[in-house]
Amino acid sequence: MNTLTTPSESNWLNKVPEVALSFWVIKIMSTTVGETGADFLAVNAGFGQGMTRTAMGALLAVALFMQLRTRRYTPWIYWLTVVLVSVVGTQITDLLTDGLGVSLYVSTSAFAVVLAGIFAVWFWVERSLSIHEIFSRRRELFYWAAILCTFALGTAAGDLATEAIGLGFTWGAVSFSALIAITYAAWRMGGNAVLTFWIGYILTRPLGAALGDMLTQAKTYGGLGMGAMWTSALFLTVIVMLVAVAQFSVGNRMNAQAAE
């Protein structure tokens, strides 16, 4: 899914990254960090759910403000926002499920309806859902609203599959990987690029969550027993390295353009 559409303006005006292999690697790892990071802060670090939600919500507001203030794609700001959206999206679903007792069937369906509504309004207003055309503040707000909803939906769908339906962490990861592979194959065979992108984006969330649970949970519960702290630290390290490479590449490209 490397190219969705041909941008109508310079890539430098677009506020989101090119969809390449590194994009999907960072995205999946961000979803895993959202799952493990939220658990580590609330449980292992002892902050509790309420304080963790407040702190992560405040940090997301700051990151999103910085993202909206930038004039072009800035890798470290963009991916910081994605990681925080992942944590907050996880907490929204956990609040509904664990705090308010909402069924995962209900929350998954509700988030799907809300996401469909966001896409419908976005397309009705802008006539495009392509991430290669995020050239205005309004489009960017639609984009981040959709991103937050995909994380909440993916968390609910992942928990529904692995817990309520009983697939477990390993088979959950395998199942969502298979669905992503089918989506990729559909795109390669000429399927709608925008549609397959958003389907893949949604599916990577439950995949990352299943991977996170599989790595962190004790072996008696079907996991590998790495723990939330070490899993979060490992994945964050890889994310930081990949984002640093992207930031370096963006800087080189800007310098090259300035020299022309």
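Everything numeric here is computed off the predicted structure, so don't read it as measured data. (Residues numbered from 1 in each chain as written. Predicted model: local features only at pLDDT ≥ 70, side-chain atom pairs only at ≥ 80, totals over all residues. Heavy atoms only, no water.)

## A short note on the pattern of salt bridges
Enumeration according to the criterion identifies three salt bridges in this entry. A salt bridge links Arg-138 to Glu-126, with the shortest nitrogen-to-oxygen separation between them at 2.6 Å. One end of the pair, Arg-138, is in helix α5 (residues 137-164); the other, Glu-126, is in helix α4 (residues 104-126), with 12 residues separating them in the sequence. (Salt bridge = Lys/Arg side-chain N within 4 Å of Asp/Glu carboxyl O. Helix = DSSP H or I, 4+ residues; strand = E, 2+ residues; numbered from the N terminus.)

## Some details on the nonpolar core
Counting 48 residues, the largest nonpolar core has Tyr-78, Trp-122, Tyr-143, Trp-198 and Tyr-201 as the members making the most contacts within it. When residues of this core are traced back to their parent elements, those giving at least two are α1 (21-44), α2 (48-69), α3 (75-99), α4, α5, α7 (193-216) and α8 (228-259). When residues in this core are grouped by element, the largest group, 10 residues, is from α5. With residues up to four places along the chain from it excluded, the contact list for Trp-122 reads Arg-127, Ser-128, Leu-129, Ile-134, Arg-139, Phe-142, Tyr-143, Ala-146 and Trp-198. Within the second largest apolar cluster, seven residues are counted, among which are Ala-161, Ala-173, Phe-176 and Ala-210. (Core = buried A, V, L, I, M, F, W, Y, C linked by side-chain atoms within 4.5 Å. Buried < 20%, exposed > 50% of the residue type's maximum accessible area, 1.4 Å probe, protein only. Contact = heavy atoms within 4.5 Å.)

## Digging into the environment of Lys-15
Here Lys-15 lies in the segment before α1. Take Lys-15: its relative accessible area is 5%, and that puts it in the buried class. The spacing of Lys-15 and Glu-140 is 125 residues in sequence and 7.7 Å in space, taken between C-alpha atoms. Aside from chain neighbours lying at most four places away, what touches Lys-15 is Gln-67, Leu-68, Thr-70, Arg-71, Arg-72, Tyr-73, Tyr-78, Ile-134 and Glu-140. A polar contact is formed between the side chain of Lys-15 and the side chain of Glu-140, at a distance of 2.8 Å. (Polar contact = N/O pair within 3.5 Å; in protein donor to acceptor, adjacent residues only side chain to side chain.)

## Here we look at the side chain of Glu-140
Structurally, Glu-140 can be placed in helix α5. Within polar-contact distance, the side chain of Glu-140 engages the side chain of Gln-67 at 2.9 Å. Not counting the four nearest positions on each side in its chain, Glu-140 is found in contact with Lys-15, Gln-67, Leu-68 and Ile-134.

## Considerations on the packing of aromatic side chains
Scanning the model with the defined rule gives 20 aromatic pairs in all. Centroid distance Tyr-73 to Tyr-78: 5.8 Å. Interplanar angle 75 degrees. Geometry classified as edge-to-face. Taking relative accessible area as the criterion, Tyr-73 reaches 15% and is therefore assigned buried. In this structure, Lys-27 packs its charged tip against the face of Phe-151, placed 4.7 Å from the ring centre. The residue whose ring lies beneath Lys-27 is Tyr-201, and the NZ or CZ to ring-centre distance is 4.2 Å. (Phe/Tyr/Trp six-rings, centres within 6.5 Å; stacked < 30°, edge-to-face > 60°. Lys NZ or Arg CZ within 6 Å of the ring centre and 35° of its normal.)

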